Amino acid sequence: CRHEAASVVVSSRSYADFTPEATFDIKKVDLHRLEEGPPLTSTLTREDGLKYYRTMQTIRRMELKADQLYKQKIIRGFCHLYDGQEACAVGIEGGITLSDHLITAYRAHGYTLTRGGTVREIMAELTGRREGIAKGKGGSMHMYTKNFYGGNGIVGAQVPLGAGVALACKYLGTDQLCVSLYGDGAANQGQIFETYNMASLWKLPIIFICENNQYGMGTSVERASASTEYYKRGDFIPGLRVDGMDVLCVREATKFAADHCRSGKGPILMELQTYRYHGHSMSDPGVSYRTREEIQEVRSKSDPISMLKDRMLSNNMASVEELKEIDIEVRKEIEDAAQFATTDPEPPLDDLCSHIYANEKSFEVRGATPWTKLTSHS
Amino acid sequence: MASLRSFLQCNFDILRKTFVILFVNVRDALNQAMDEELERDERVFLLGEEVAQYDGAYKVSRGLWKKYGDKRIIDTPITEMGFAGIAVGAAFAGLRPICEFMTWNFSMQAIDQVINSAAKTYYMSAGFQTVPIVFRGPNGSSAGVAAQHSQCFAAWYGHCPGLKVVSPWNSEDARGLLKAAIRDDNPVVFLENEMMYGVPFELSEEMMHKDFVIPIGKAKVERQGTHITLVSHSRCVGFCLDAAAVLAKEGVECEVVNLRTIRPLDVDTIEASVMKTGNLVTVEGGWPQYGVGAEICARIMEGPAFNYLDAPAVRVTGVDIPMPYAKILEDHSVPQIKDIIFSVKKVLNM
């Protein structure tokens, strides 16, 4: 069920115009096989608040721009938008570092950004241009950056991949962990249960995260899963069910989960209860299996960006003008990126056959006819 | 114990240097190759069912767990899709996994990870993400293991860009190609053959060197000939050589080409041979439709060698049926030496 914005408990005073930090009550987390969970309060600094606000707003506006470009047929193919779920990507990143690893499925634009991609290179990838983050070879579902392994198109396949990354972290003796995300639709995949088993047996430093946005494409959770308590589905793996619309909830839970992993206890599972405003993809209006009223209710009562904004404003952590200024800057960044993504040239045809093999000398690739001889470069 | 070992080692070295060649069976060749590569590079590790404490379902990894321990030789549960995905993820993050399928039949449970997660990733990421992984295990027909355990996957995996697919025949191939595969920064499908594991072959001192690698993508002419080219891979190479010996008595000299690699296919070597002999028969254990031989014939049609053909190229293949169990039926499901001889004579109009 949806919730109201959390109330303030304590805020500290300082000489600056704005409150430098404040502590908020956050929703209690449901626990599975855990004696204690994350704290019931979260302290937010003004700096972090502004950062989270900006990042969530950037994701929001970037996704809405993608919607627009898709309808103009400048983006084609699959396009799965993340608006509504911003608190998940931003909150998770707030609980780990960039030297940790993360992998997700196809609703990946937000994560590509939080993991270090720029709006410019993300949008240019969506429009299939040469300056795209994957040089136009990947598209919406196949974006990669350092310690971010995509962007994966096959439902559920990313979960064992993430456990493999975690295995490498443990093998190489680093303190790093891997966050492996999947949706409520993917949560029934057999390979995920296979991964739960091996991750537990081998105590891999992996945080499994189920982003439960209530619908797997057009199928509601009740129609897909015999048990919708996704945080318990890991059985022998401790689990948390977290309010995924509250960036602070997500952050505290992620920190808690990260500590669990880094202390060598093995895997842990987080279910983030969240919501997507768009349909499954741009081909899905998203209103045949849910009501417009439902979507509107989430928007008005639980929007992650509004929640953060209200908290900051009502605690004098930022001014209306300041946040408006951020909105304007974000809007400009998105416009510039969209402009770039629309005008940057498409990849050169010479690139067609490149990147088949790594670290290999160039070789001939058969084209569409026996006379078409193309070349592949590494 | 240490002195006994050094005594044996000392005498072994003397024996090795005295008799420059050694007889090593394919199983031991694979075992030694993995051992040497595990020693050479800390990032290499092996995972799969029974690879560690059981010494390998077919004993290919015998002794490795004892030597390298749990960290580097990992027994997995019977969950191919999961552990293949884990292996690929480990490769993403900088390790160099060897992922064993107990047989390639079981790889069908995990084929999405091999193709969509491993093979395509370097391309989709425009060269950002490498996948230095080897998938290995026995492929093709065995003896009496029936339909679900006898399929050849050379054509299935050979179909996919982004993969390298390798099919060794003898111990030299097994050793050199496995080392090359492990050192390769790309996903390699390594198709072994269970019936070849116990077969010994001569290995020269040069081949026993720890840096002996055979280039992937290069076929080998095992036997020079003038009248007809036989192209094959894996166990069938041996049948081709046997057929060639019989045919030689009748004055037919066969050139036998051992593909060694299915993808990338060494068309140049095949073409050069066909342009020399003017006749071609391909021999494989797999099914005929859309198979390795079909690809070779198509390439010959499309290339310069076509003009040198004196007769249409033909394929000798496994029979187009699921593998039966009874010995007499199984024997008649796979290409036999007499089938190769018969086909050569037909092509040469003898």
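Every value quoted in this text rests on a predicted model; they were computed, and no experiment measured them.

Asks: Looking at this structure, how should I read the sheet that holds strand E11 (residues 254-258) of chain B?
Replies: Picture the strands of a sheet paired through backbone hydrogen bonds; they go either parallel or antiparallel. Residue and element names in this part refer to chain B. Spatially, 5 strands are ordered E9-E11-E10-E13-E14 in an open sheet, and the strand pairing comes out mixed. Bordering the open sheet on either side are strand E9 (220-223) and strand E14 (314-316), each of which pairs with just one other strand. For this sheet, the mean inter-axis angle between neighbouring strands, taken without regard to orientation, is 30°. For strand E10 (residues 228-232) and E11, the ladder comprises 5 bridges, and the chain directions are parallel. Within E11, the position partnered with Thr-229 by the bridge is Glu-255.

Asks: How do you make sense of the interface of chain A and chain B when you look at a structure like this?
Replies: By convention, interface size is frequently given as the accessible area that disappears when the constituent parts associate. Across the boundary between the two partners, chain A contributes 37 residues, which contact 46 residues of chain B. Taken over both partners, the interface formed by chain A and chain B buries close to 3500 Å², and the fraction arising from carbon and sulfur atoms is 67%. Area buried by chain A at its contact with chain B is led by Tyr-144, Tyr-171 and Tyr-357 of chain A, which between them contribute 22% of it. The interface formed by chain A and chain B includes 2 salt bridges. Note that Glu-302 of chain B and Arg-366 of chain A form a salt bridge whose closest N and O atoms lie 2.5 Å from each other. Summed over the shared surface of chain A and chain B, the result is 16 residue pairs in polar contact (both at pLDDT 80 or more).

Asks: Would you mind showing me how to read the UniProt feature "domain: Dehydrogenase E1 component" (unreviewed entry) in chain A here?
Replies: When the UniProt feature table is mapped onto this chain, "domain: Dehydrogenase E1 component" (unreviewed entry) is found at residues 54-348 of chain A. The straight-line gap between the two end C-alpha atoms of residues 54-348 of chain A is 35 Å; of that span, 45% is helix and 11% is strand.

Asks: What am I meant to see in the domain arrangement of chain B here?
Replies: Residue and element names in this part refer to chain B. On domain assignment, one finds that chain B holds domain 1 (24-208) and domain 2 (220-348). Centre-to-centre, using C-alpha coordinates, domain 1 lies 26 Å away from domain 2. Each side of the interface is counted separately: domain 1 has 29 residues, and domain 2 has 25 residues. For the pair domain 1 and domain 2, the two sides together bury roughly 2100 Å², of which 58% comes from carbon and sulfur. Remark: the boundary between domain 1 and domain 2 carries 3 salt bridges. A salt bridge links Glu-172 to Lys-220, with the nearest nitrogen and oxygen atoms 3.6 Å apart. For the pair domain 1 and domain 2, the number of links is 12 residue pairs in polar contact (both at pLDDT 80 or more).

Conventions adopted
- Residues numbered from 1 in each chain as written.
- Chains lettered and ligands numbered in written order.
- Predicted model: local features only at pLDDT ≥ 70, side-chain atom pairs only at ≥ 80, totals over all residues.
- Heavy atoms only, no water.
- Pairing = 2+ DSSP bridges.
- Helix = DSSP H or I, 4+ residues; strand = E, 2+ residues; numbered from the N terminus.
- Axes fitted to C-alpha atoms, helices over the stretch in contact; angles between N-to-C directions.
- Contact = heavy atoms within 4.5 Å.
- Buried area = accessible area lost by both parts, 1.4 Å probe.
- Salt bridge = Lys/Arg side-chain N within 4 Å of Asp/Glu carboxyl O.
- Polar contact = N/O pair within 3.5 Å; in protein donor to acceptor, adjacent residues only side chain to side chain.
- UniProt positions renumbered as here; feature names shortened; annotations may be inferred.
- Domains from an automatic or database assignment.

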